[in-house]
Amino acid sequence: LLTAAGMLAMGAVICLFSLLRFTVKSQASASRLLDVKIRGVIPYENKGILGRKKTKKALLLNSPLVSMDFAEASRRVQAKVEYHMRRNSQKILLVTSISENEGKSTVAANIALALAEKNKKVLLVDGDLRQPAQYKVFEEKREGKTTVEQVLTGKASWQENLYYSKSAGIWELFQFSGAKDPAAVLATAPMKVLAREWRQAMDY
């Protein structure tokens, strides 16, 4: 009896700790804790097994392996984001988060793909100069392609070196390895000029 009572007490403590933890558990709690407007929610998708097959492929909405719930949620998020950006005459979207492996690359890729499905001219730039991931997401090889770092340091012109992915329907400017000094690259990069030029050339 004492053992059972102890186990019940421990279970109650764990449940209480879980309930009181400062974490996001629902859309309502996200809105309350983060003090932001939630544009959409994408459900968790188990990357290990998709369509009953083990895979290491990225969770892209144009993949036949991802669930309909995941793909449609990604498209709904894109639609809400696009509506907000259009109302505010915005063309550049920054996708970021606090920590690594939180889904930034997948979310950015799927928003780009969903926009391309609507025949929008989309440029996807991988701004992670430390641990770039978009080339892995889209399974792109570096050969003959200009990198983000080369454009930011003025060693290459983005106008002449963008890569168009026919399979994805988007324009890509990726980084394929970590820069030696990302802070120095960003400190000297003509970001305002590039942003202006990208706005003029692309829909998003």
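It should be noted that the structure appears before, not after, this text.
Okay, so let's go over this structure.

Parameters and conventions
Residues numbered from 1 in each chain as written. Predicted model: local features only at pLDDT ≥ 70, side-chain atom pairs only at ≥ 80, totals over all residues. Heavy atoms only, no water. Pairing = 2+ DSSP bridges. Helix = DSSP H or I, 4+ residues; strand = E, 2+ residues; numbered from the N terminus. Axes fitted to C-alpha atoms, helices over the stretch in contact; angles between N-to-C directions. 1 Å grid on protein atoms, 1.4 Å probe; cavity = no way out; pocket = protein on both sides within 12 Å on 5 of 7 lines; lining within 4 Å. Points joined across faces, edges and corners; volume = space filled by probe spheres on them. Nonpolar A, V, L, I, M, F, W, Y, C, P; charged D, E, K, R; others polar. Parallel < 35°, antiparallel > 145°, perpendicular 65-115°, else oblique. Contact = heavy atoms within 4.5 Å. Phe/Tyr/Trp six-rings, centres within 6.5 Å; stacked < 30°, edge-to-face > 60°. Buried < 20%, exposed > 50% of the residue type's maximum accessible area, 1.4 Å probe, protein only. Lys NZ or Arg CZ within 6 Å of the ring centre and 35° of its normal.

## Let's talk about the pairing of strand β5 (residues 170-173)
The side chains of a regular strand alternate between both faces of the sheet.
1) Next: Taken together, the three bridges between strand β3 (residues 123-125) and β5 define a ladder with parallel strand orientation. From the neighbouring strand, Leu123 faces β5, where its bridge partner is Trp171.
2) Next: Here three bridges tie strand β4 (residues 163-165) to β5, and the two strands are oriented antiparallel to one another. In the sheet register, Tyr164 faces β5, and the bridge partner there is Trp171.
3) Next: The hairpin formed by β4 and β5 contains four residues between the paired strands, and Gly169 there has a positive phi angle of roughly 80°.

## What about the sheet that holds β5?
1) Next: Pairing within the open sheet is mixed, and its three strands lie in the order β3-β5-β4. In the strand order of this sheet, the two ends are held by β3 and β4, each with one partner. The mean angle between the axes of side-by-side strands here comes to 35°, regardless of whether they run parallel or antiparallel.

## Structural notes on empty space enclosed by the protein
Rolling a probe over the atoms, with the probe sized like a water molecule, indicates the empty space that remains.
1) Next: Scanning the model with the defined rule gives one cavity of 30 Å³ or more in all.
2) Next: Considered as a void within the structure, the largest cavity measures approximately 60 Å³ in volume.
3) Next: Forming the walls of the largest cavity are Lys145, Thr146, Asn161, Tyr163, Glu172, Leu173, Phe174 and Phe176.
4) Next: Looking at the lining of the largest cavity, its residues break down into four nonpolar, two polar and two charged.

## Section: the packing of helix α3 (residues 68-87) against helix α4 (residues 104-117)
The relative placement of two packed helices is expressed as an angle between their axes plus a distance between the axes.
1) Next: Close contact between α3 and α4 brings their axes to 9 Å; oriented N to C, the two are set at 75°. Between α3 and α4, the angle falls in the class roughly perpendicular. For the pair α3 and α4, the contacting residues are Phe70, Ser74, Arg75, Gln78 and Glu82 in the first and Thr106, Asn110, Ile111, Ala114, Leu115 and Glu117 in the second.
2) Next: Residues that form the contact of α3 with α4 fall into these classes: four nonpolar, four polar and three charged.

## A closer look at the packing of aromatic side chains
1) Next: Summed over the entire model, instances satisfying the criterion amount to four aromatic pairs.
2) Next: Measuring from centroid to centroid gives 6.4 Å for Trp158 and Trp198, while their planes differ by 75°, and the two rings are edge-to-face. Here the residue Trp158 occupies a position in helix α7 (residues 158-161), and Trp198 occupies one in helix α9 (residues 191-201), the gap between them amounting to 40 residues.
3) Next: The class of Trp158 is buried, set by a relative accessible area of 6%.
4) Next: Note on Trp198: relative accessible area 13%, which makes it buried.
5) Next: Looking at Lys145, its charged tip hangs above the ring of Tyr163, at a distance of 4.3 Å from the centre.

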